[in-house]
Amino acid sequence: MRTLETNDWIVLNNIIYKIYTLDNFNQMRREFLEQIKMLIDFDSADFYLASADGCEKLTAPVFYNCEEDLSDLYDGIDYSRGILYSGKSLIYRETDIISDETRIETEYYKKVYKPNNWHYSLQMILARNKQFVGVVTFYRTIGKDDFQYDDIFLLDMLKDHLAFRLEQQKKNGELLEGKLTVSAAAEKYELTKREQTILRMLMAGKGNPDICDELSITENTLKKHILNIYRKLGIKNRVQLFKMIKEKE
């Protein structure tokens, strides 16, 4: 078992401090990935949240050294979904639940790992009060050794702090009636200025043709923006949108 040095404890304490004190939620998640790199060797990472509508879906990712949103692949073909949505905080290496020989033949490995030159991964599932709130996955590129139990030990010291912050963020971001304002949604889910404008127009009841005319964009461009809004908010249609977002600020 790894013996933590003074510098390791300083990094850990700084991470915990920022988990609780950084007002900008997504900045907190990004800094967590950057700082934990000082303690754990990994090449890429992603940090997803649980869907706001309670569906078993990942949303609102932040990344370290990767940019592609893989949530649709995760939700569609990940063989560890049962563990992910179990409502328990858990840290494990993927090779702890499936042999390396078997996993490299899976559709999941071929579509997620191989195109990114990843081989091994370490997952940090976060839950509070038996509710899944988020997941962090760390990846190592092909040719590197697997993660060690020391890495699991380090993350285990942080998982409850992160899970608590994620739960509080969800509570604080919602109004009493369970809806977000457009401004709150834009900040929480990092919508672009154009996406925020379109969301505001949608909530005002404007139809697609009127929005296209006002913004001087094509129908296809508008549809792409709307799909991006849905993806970031973790929803699938306009009905769910109106259940999640207040019509007025």
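Within each chain, residue numbers correspond to sequence positions counted from 1 in written order. With the structure being a predicted model, the display of local features is reserved for residues of pLDDT at least 70 and the display and counting of side-chain atom pairs for 80 or more, all residues being used for whole-chain, interface and lining totals. In computing side-chain properties, one takes all heavy atoms of the structure into account and sets aside hydrogens as well as water.

## Comments concerning the overall build of the protein chain
At step 1: Numbered from the N terminus, helices here are DSSP runs of H or I no shorter than four residues, and strands are runs of E no shorter than two. Each helix and strand in the protein chain was counted, giving 13 helices and five strands.
At step 2: Over its C-alpha atoms the protein chain spans a radius of gyration of 19 Å, differing by no more than 12% from the 18 Å that the globule rule assigns to 249 residues.
At step 3: Along the three orthogonal principal directions, the C-alpha set of the protein chain runs to about 60 × 40 × 30 Å.
At step 4: By the burial criterion, 48% of the 249 residues in the protein chain qualify as buried.
At step 5: Contacts between residues were defined by any pair of non-hydrogen atoms, one from each residue, lying within 4.5 Å. Partitioning the intrachain contacts of the protein chain with sequence separation of at least 6 by distance along the chain shows that 61% fall at a separation of at least 24. Computation of the radius of gyration draws on C-alpha atoms alone. For the globule rule, the value is 2.2 Å times the number of residues to the power 0.38. For every residue, the accessible area obtained with a 1.4 Å probe (protein chains only) is divided by the maximum for its type, and the residue is called buried under 20%, exposed over 50%, and partly exposed between those limits.

## Here we look at the pairing of strand E4 (residues 118-128)
At step 1: Across the 11 residues of E4, 10 count as buried, placing the element largely inside the fold.
At step 2: For strand E3 (residues 90-93) and E4, the ladder comprises four bridges, and the chain directions are antiparallel. Within the sheet, the bridge partner assigned to Leu90 lies in E4 and is Ile125.
At step 3: By definition, two strands form a pair when at least two bridges between them are found by DSSP. Relative to strand E5 (residues 131-141), E4 is paired through 10 bridges, and the arrangement is antiparallel. Bridge pairing in E5 links Tyr120 to Arg140.

## Observations regarding the packing of helix H10 (residues 193-203) against helix H12 (residues 219-233)
At step 1: The contact between H10 and H12 brings their axes to 10 Å, and the two run at 90°. The angle between the axes of H10 and H12 places the two elements in the roughly perpendicular class. Together, Arg194, Glu195, Ile198, Leu199 and Leu202 of H10 and Leu222, His225, Ile226, Asn228, Ile229 and Lys232 of H12 make up the contact between the two elements.
At step 2: Of the residues contributing to the contact of H10 with H12, the split by class is six nonpolar, two polar and three charged. Axis definition: a line fit to C-alpha positions, over the contact stretch in the case of helices; interaxial angles, taken between N-to-C directions, run 0 to 180 degrees. Angular relationships are summarised with four words: roughly parallel below 35 degrees, roughly antiparallel beyond 145, roughly perpendicular across 65 to 115, and oblique for the angles in between. Residues are sorted three ways: Asp, Glu, Lys and Arg are charged, Ala, Val, Leu, Ile, Met, Phe, Trp, Tyr, Cys and Pro are nonpolar, and all the rest, Gly among them, are polar.

## Points about the packing of aromatic side chains
At step 1: Put simply, two rings from Phe, Tyr or Trp (the six-membered ring, in Trp's case) pair if the centres are within 6.5 Å, and we call them stacked under 30 degrees between planes, edge-to-face over 60, tilted for the rest. The tally for this structure, following the rule as stated, stands at 11 aromatic pairs.
At step 2: Here the aromatic rings of Tyr109 and Tyr113 are separated by 5.4 Å at their centres, their planes lie at 10°, and the arrangement is stacked. With Tyr109 and Tyr113 both in helix H6 (residues 107-113) and four residues apart, the pair spans about one turn of that helix. Tyr113 shares its class with Tyr109; the two are buried.

## Some points on the packing of helix H1 (residues 6-21) against helix H2 (residues 25-36)
At step 1: Following both chains from N to C, one finds H1 and H2 inclined at 175°, their axes separated by 10 Å at the closest point. By the criterion of interaxial angle, the relationship of H1 to H2 is roughly antiparallel. Residue-level inspection shows Val11, Asn14, Ile15, Lys18 and Ile19 of H1 in contact with H2, the latter providing Met28, Glu31, Phe32, Gln35 and Ile36.
At step 2: Class assignment for the residues of the contact of H1 with H2 results in six nonpolar, two polar and two charged.

## Details of the pattern of salt bridges
At step 1: Any Lys or Arg side-chain nitrogen located within 4 Å of an Asp or Glu carboxyl oxygen qualifies as a salt bridge. Per the stated rule, a full pass over the model turns up 15 salt bridges.
At step 2: With a shortest N-O distance of 3.0 Å, Arg93 and Asp96 are connected by a salt bridge.
At step 3: For Arg93, a relative accessible area of 11% corresponds to the buried category.
At step 4: Residues joined by salt bridges that share partners form a network here, namely Lys37, Asp41, Asp43 and Lys144.

## Observations concerning unusual backbone geometry
At step 1: One non-glycine residue, Asn65, lies in positive phi territory at about 60°.
At step 2: As for its position among the elements, Asn65 is in the loop between strand E2 (58-64) and helix H3 (71-77).
At step 3: Classification of Asn65 as exposed rests on a relative accessible area of 59%.
At step 4: Positive phi is not limited to glycine here, since Asn117 has a value of about 65°.
At step 5: Here Asn117 shows up in the loop between H6 and E4.

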